[in-house]
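These are the residues of each chain, in order.
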Protein chains: 2
Amino acid sequence: MEKETCCSGCNRPDLPWAGRGTQLPISGCRFTLYPMCDNFIDIILGSLKKTDTSAVWSETDALSTVYRGKLAYVADAVQALFLNAYRPGVHMALEGQFSKGCPGDVSGDSVLNREGDAPNAALVKDIHFPVHCKLALYPLGDADYIDEIAKVWYMAQDEGLDPKTIHYATRIDGDVQDVFAYLVRVCELMENAPNVHHYVLHFTMNCNSPTEEN
Amino acid sequence: MEKETCCSGCNRPDLPWAGRGTQLPISGCRFTLYPMCDNFIDIILGSLKKTDTSAVWSETDALSTVYRGKLAYVADAVQALFLNAYRPGVHMALEGQFSKGCPGDVSGDSVLNREGDAPNAALVKDIHFPVHCKLALYPLGDADYIDEIAKVWYMAQDEGLDPKTIHYATRIDGDVQDVFAYLVRVCELMENAPNVHHYVLHFTMNCNSPTEEN
């Protein structure tokens, strides 16, 4: 554990954020929605109004929003926010990072007593549109983390998401429901991997991209 | 080296992307510009027209663009693209990841014979505006990488960028020139750290955010 840290350099007794986060049952996602249109505020606020965030702890600043709690509810809220923001023809991107187990994490800033179905699942399950997605997985504190990453690449292949290695990331493509389901399975795999105490999964997906690919 | 990998799980002989990237002198940045307005295409293409990208290898897909070459030229091109895209009052974000030393990296897809001044430096040096920025640094293959991360946090403090630890990232604020200069110094520190064979620095900065912070 000594050598583990999050991107902020936690778990150093001499630093302000030192902590014992790897033992905490808190999953989180820091994300930002980017609707590329003049009324981006209406789209984001309108989506927030439709999305039930009662199952997660939430905090928003000028750059991003973070949801924290149980993975299933965190993922449900992030996915619902993106799906509820969808507008035919509007180019929109979602950038985020799922994470759990940062040694510098603190108890609190989370909702952990929620049980039952994810509150948005039924409402968004029929929203379908194609997305492009790139992801970069960083399992920390696991000498064999390369094996976890390989598992995840093959998982994308098995799920028909056509993974491609691009510089600095893995690219996948598919229906937004399948891509989110895959990202959640990657998180579940990391959270249940005995050797992974801390992981970060960076992802960016977009829809209605005007860029044509060859 | 055996245990090193990039986010795509490279450096596995049994995987298609296996390679010896840690020895390559290629720095890169994969990034996306998000102008939150209807004419986002004009802003991006207009900025590209103003930006000299002759010192880097470049590839664009539906999600992002990647520049590869020598760090100084890669950073110069990314910074210039963001600065040239700036419009007073237009909310815009830049998401990116600087990286070097991925064991799965391949020679080629780069410009390495460029010398002399960065082509955009003089043209953009007088463009100033405040930005918010969050960053997450992942030095890989260094048992003591926590020390590198701590150095970087204190560096932000020394440079007056007011670093704050937020869940899953570090937040800094300042003039766009100072924030870019800091990000480049972080990359330089990683690229010259004897124990760091591979690093990834994720960052997101934005300007003209409508979100007021307390």
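Residues numbered from 1 in each chain as written. Chains lettered and ligands numbered in written order. Predicted model: local features only at pLDDT ≥ 70, side-chain atom pairs only at ≥ 80, totals over all residues. Heavy atoms only, no water.

**Q** Quick rundown of the side chain of S64 of chain A? Include the residues and the values.
**A** Locating S64 of chain A in the fold gives a position in the loop between strand 2 (57-60) and strand 3 (65-69). We classify S64 of chain A as buried; its relative accessible area is 3%. Within the local environment of S64 of chain A, its side chain forms a polar contact with the side chain of R30 of chain A, the two groups lying 2.9 Å apart. Those residues in contact with S64 of chain A that sit more than four places away from it in its chain are R30, F31, T32 and E59 of chain A together with K134 of chain B. (Helix = DSSP H or I, 4+ residues; strand = E, 2+ residues; numbered from the N terminus. Buried < 20%, exposed > 50% of the residue type's maximum accessible area, 1.4 Å probe, protein only. Polar contact = N/O pair within 3.5 Å; in protein donor to acceptor, adjacent residues only side chain to side chain. Contact = heavy atoms within 4.5 Å.)

**Q** Quick rundown of empty space enclosed by the protein? Include the residues and the values.
**A** The final tally for this structure, using the stated rule, is three cavities of 30 Å³ or more. In this model, the largest cavity occupies a volume close to 160 Å³. Taken together, the elements giving at least two residues each to the lining of the largest cavity come down to strand 4 (92-100), strand 5 (130-140) and strand 8 (198-207) of chain A together with strand 4 (92-100), strand 5 (130-140) and strand 8 (198-207) of chain B. (1 Å grid on protein atoms, 1.4 Å probe; cavity = no way out; pocket = protein on both sides within 12 Å on 5 of 7 lines; lining within 4 Å. Points joined across faces, edges and corners; volume = space filled by probe spheres on them.)

**Q** Give a detailed account of the pattern of salt bridges, specifying residues and quantitative values.
**A** Overall, the coordinates contain 22 salt bridges over all chains when judged by the stated rule. Between R171 of chain B and D61 of chain A there is a salt bridge, and its shortest N-O distance comes to 3.6 Å. Residue R171 of chain B is located in strand 7 (residues 169-175), and its partner D61 of chain A is located in the loop between strand 2 and strand 3; the two belong to separate chains. Neither R171 of chain B nor D61 of chain A differs from the other in exposure class; each is buried. Two residues, D61 of chain B and R30 of chain B, come together in a salt bridge whose shortest N-O distance is 3.9 Å. Taken together, the residues span a long stretch of sequence, with D61 of chain B in the loop between strand 2 (57-60) and strand 3 (65-69) and R30 of chain B in strand 1 (residues 27-35) at a distance of 31 residues. Grouping residues by exposure puts D61 of chain B and R30 of chain B together as buried. When salt bridges that share partners are traced, they join R30 and D61 of chain A together with R171, D173 and E213 of chain B into one network. (Salt bridge = Lys/Arg side-chain N within 4 Å of Asp/Glu carboxyl O.)

**Q** Pulling in residues and values, what's your account of unusual backbone geometry?
**A** Residues and elements named next belong to chain A. Notably, D109 is not glycine yet its phi reads approximately 50°, a positive angle. Positionally, D109 belongs in the loop between strand 4 and helix 3 (121-124). You can call D109 partly exposed: its relative accessible area is 32%.

**Q** So what's going on with the environment of L112 of chain A? Residues and values would help.
**A** Residues and elements named next belong to chain A. On the secondary structure map, L112 appears in the loop between strand 4 and helix 3. Each C-alpha atom, one on L112 and one on N206, is 30 Å from the other, the two residues being 94 residues apart in sequence. Aside from chain neighbours lying at most four places away, what touches L112 is P25, I26, G69 and K70.

**Q** Go over helix 5 (residues 176-192) of chain A with me, naming the residues and quoting the values.
**A** Residues and elements named next belong to chain A. Taking 1.5 Å per residue as the helical rise, helix 5 with its 17 residues ought to reach 24 Å, and the 24 Å between its terminal C-alpha atoms agrees with that figure. Listed in full, the buried residues belonging to helix 5 are V176, Q177, V179, F180, Y182, L183, V184, V186, C187 and M190. The residue sitting at the N-terminus of helix 5 and contributing the capping side-chain oxygen is D175; that oxygen lies 2.8 Å from the backbone nitrogen of Q177. (Expected span 1.5 Å × (residues − 1).)

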